[in-house]
Amino acid sequence: MSFQTSAVILSWIAILLLALVVSGLVRQVHALSSGAVGRRAAVGLRPGSPAPGFRDLAPPSPATLVLLFLDGGCATCDQLLDEATEQGPRTDAVLRVLYRQAVPPQAADRPMTILGEQADLFDRYDAIATPFAAVIDPGGRVRRSEPVGSRVALRQLLDQVGNPSGQPAPSQRGGAR
């Protein structure tokens with residue numbers, strides 16, 4: 001057998017192996033896109049379910065309550081705490097910031113209610129990852145419960161809470177007309 005014949009045979013073997021690998025990858029992509037692979041169950045409480053601990057957390061006046069679950073060692077949580085401090089006075093919702101452990105020093109002197117040692121509420125609201133937010137209506141029912149991964153996401157959530165119709169606030173539409 002000549003060198004040229006050996007090279008052709010090895011090339012065809014390599015092409016066949018490559019075809020098998022590509023077909024396996026195509027099957028995996030198809031399985032992921034069609035949802036055949038088990039997806040993780042949704043986190044947080046379902047909308048409409050009763051809010052745990054609502055009587056202890058509720059504002060004195062009937063208002064929408066936003067619970068923000070944060071962690072002291074999380075950089076994104078620190079950014080969301082800053083955003084909540086800025087946006088808190090601008091929204092009709094009442095903010096409560098909850099920490100699983102003790103309140104970290106950077107959160108101590110904020111103009112909002114910040115509660116530490118709330119591991120029980122983290123579990124009851126199924127806040128398995130931080131930052132996480134739960135929106136509760138004045139009647140004590142969960143309206144939304146979801147992870148909030150950025151300052152923009154928190155700002156949008158607070159805008160939607162302050163404006164239940166879902167229309168963007170005037171400052172977001174691109175100016176006055």
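Throughout what follows, the structure given in this document is the object of discussion.

Calculation rules
Residues numbered from 1 in each chain as written. Predicted model: local features only at pLDDT ≥ 70, side-chain atom pairs only at ≥ 80, totals over all residues. Heavy atoms only, no water. Helix = DSSP H or I, 4+ residues; strand = E, 2+ residues; numbered from the N terminus. Expected span 1.5 Å × (residues − 1). Buried < 20%, exposed > 50% of the residue type's maximum accessible area, 1.4 Å probe, protein only. Arc of directions from axis to C-beta. Phe/Tyr/Trp six-rings, centres within 6.5 Å; stacked < 30°, edge-to-face > 60°. Pairing = 2+ DSSP bridges. Axes fitted to C-alpha atoms, helices over the stretch in contact; angles between N-to-C directions. Patch = residues over 30% accessible without salt bridge, like charges linked within 9 Å, V, L, I, M, F, W, Y side chains within 5 Å. Areas by Shrake-Rupley, 256 points an atom, 1.4 Å probe, with all protein chains shown as cover. Salt bridge = Lys/Arg side-chain N within 4 Å of Asp/Glu carboxyl O. Contact = heavy atoms within 4.5 Å. Right-handed = clockwise from strand over helix to strand, strands pointing away.

**Observations regarding helix α3 (residues 75-87)**
Part 1: An ideal rise of 1.5 Å per residue puts 18 Å on 13 residues; α3 measures up with 18 Å between its terminal C-alpha atoms.
Part 2: Among the residues of α3, Cys77, Leu80, Leu81, Glu83, Ala84 and Gln87 are the ones counted as buried. For α3, the angular spread of buried residues about the axis comes to 165°, placing them on one side.

**Some thoughts on the packing of aromatic side chains**
Part 1: For the structure shown, the criterion picks out 3 aromatic pairs.
Part 2: Ring centres of Phe69 and Tyr125 lie 5.5 Å apart, and the angle between their planes is 50°; this geometry places the pair in the tilted category. Placement of Phe69 in strand β1 (residues 65-70) and of Tyr125 in the loop between α4 (119-124) and β4 (132-136) is noted, with a sequence separation of 56 residues between them.
Part 3: Aromatic pair Phe69 and Phe132: ring centres 6.0 Å apart, planes at 65°, arrangement edge-to-face. Here Phe132 lies in strand β4 and Phe69 lies in strand β1, a separation of 63 residues in the sequence. Each of the two residues, Phe69 as well as Phe132, counts as buried.
Part 4: Site record: aromatic cluster; members linked through ring pairs are Phe69, Phe122, Tyr125 and Phe132.

**Looking at unusual backbone geometry**
Part 1: Look at the link from Thr130 to Pro131: it is a cis peptide, with omega at 0°.
Part 2: Position of Pro131 relative to the elements: it lies in the loop between α4 and β4.
Part 3: The phi torsion at Asp126 lies on the positive side, around 60°, for a residue other than glycine.
Part 4: Within the element layout of this structure, Asp126 appears in the loop between α4 and β4.
Part 5: Owing to a relative accessible area of 26%, Asp126 belongs among the partly exposed residues under this scheme.

**Topic: the sheet that holds strand β5 (residues 142-147)**
Part 1: Overall, mixed pairing links the 5 strands, which are arranged β3-β2-β1-β4-β5 in an open sheet. Both edges of this open sheet fall to β3 (113-115) and β5, since each of them pairs with a single strand only. In this sheet, adjacent strand axes meet at a mean angle of 15° when their direction is disregarded.
Part 2: Across 5 bridges, β4 lies against β5 in antiparallel orientation.

**With respect to a nonpolar patch on the surface**
Part 1: Among the surface-exposed residues, Met1, Ile9, Leu10, Ile13, Leu17 and Leu20 lie close enough to one another that they form a single nonpolar patch of about 680 Å² accessible area.
Part 2: By the element assignment, Leu17 lies in helix α1 (residues 3-34).

**Some remarks on the side chain of Ser145**
Part 1: Among the secondary structure elements, Ser145 is positioned in strand β5.
Part 2: Leave out the neighbours within four places in its chain, and Ser145 touches Val43, Gly44, Leu45, Tyr125, Phe132, Ala133 and Ala134.

**What about the pairing of β1?**
Part 1: The buried fraction of β1 is high, at 6 of 6 residues.
Part 2: Two elements, β1 and strand β2 (residues 94-99), share 6 bridges in a ladder whose sense is parallel. Counterpart to Val66 in the pairing with β2 is Leu95.
Part 3: For the segment spanning β1, α3 and β2, crossover handedness is right-handed.

**Some points on the pairing of β4**
Part 1: Summarising burial for β4: 5 of the 5 residues are buried, a large majority.
Part 2: Side chains of β4 alternate between two faces, with Phe132, Ala134 and Ile136 and Ala133 and Val135 buried alike.
Part 3: Here β1 runs beside β4; their pairing, made up of 5 bridges, is antiparallel. The residue bridging Leu65 from the neighbouring strand is Ile136, located in β4.
Part 4: Once β4 ends, the chain turns through 5 residues before running back antiparallel as β5, passing Gly140 with a positive phi of about 90°.

That's the geometry; what it means functionally is another story.
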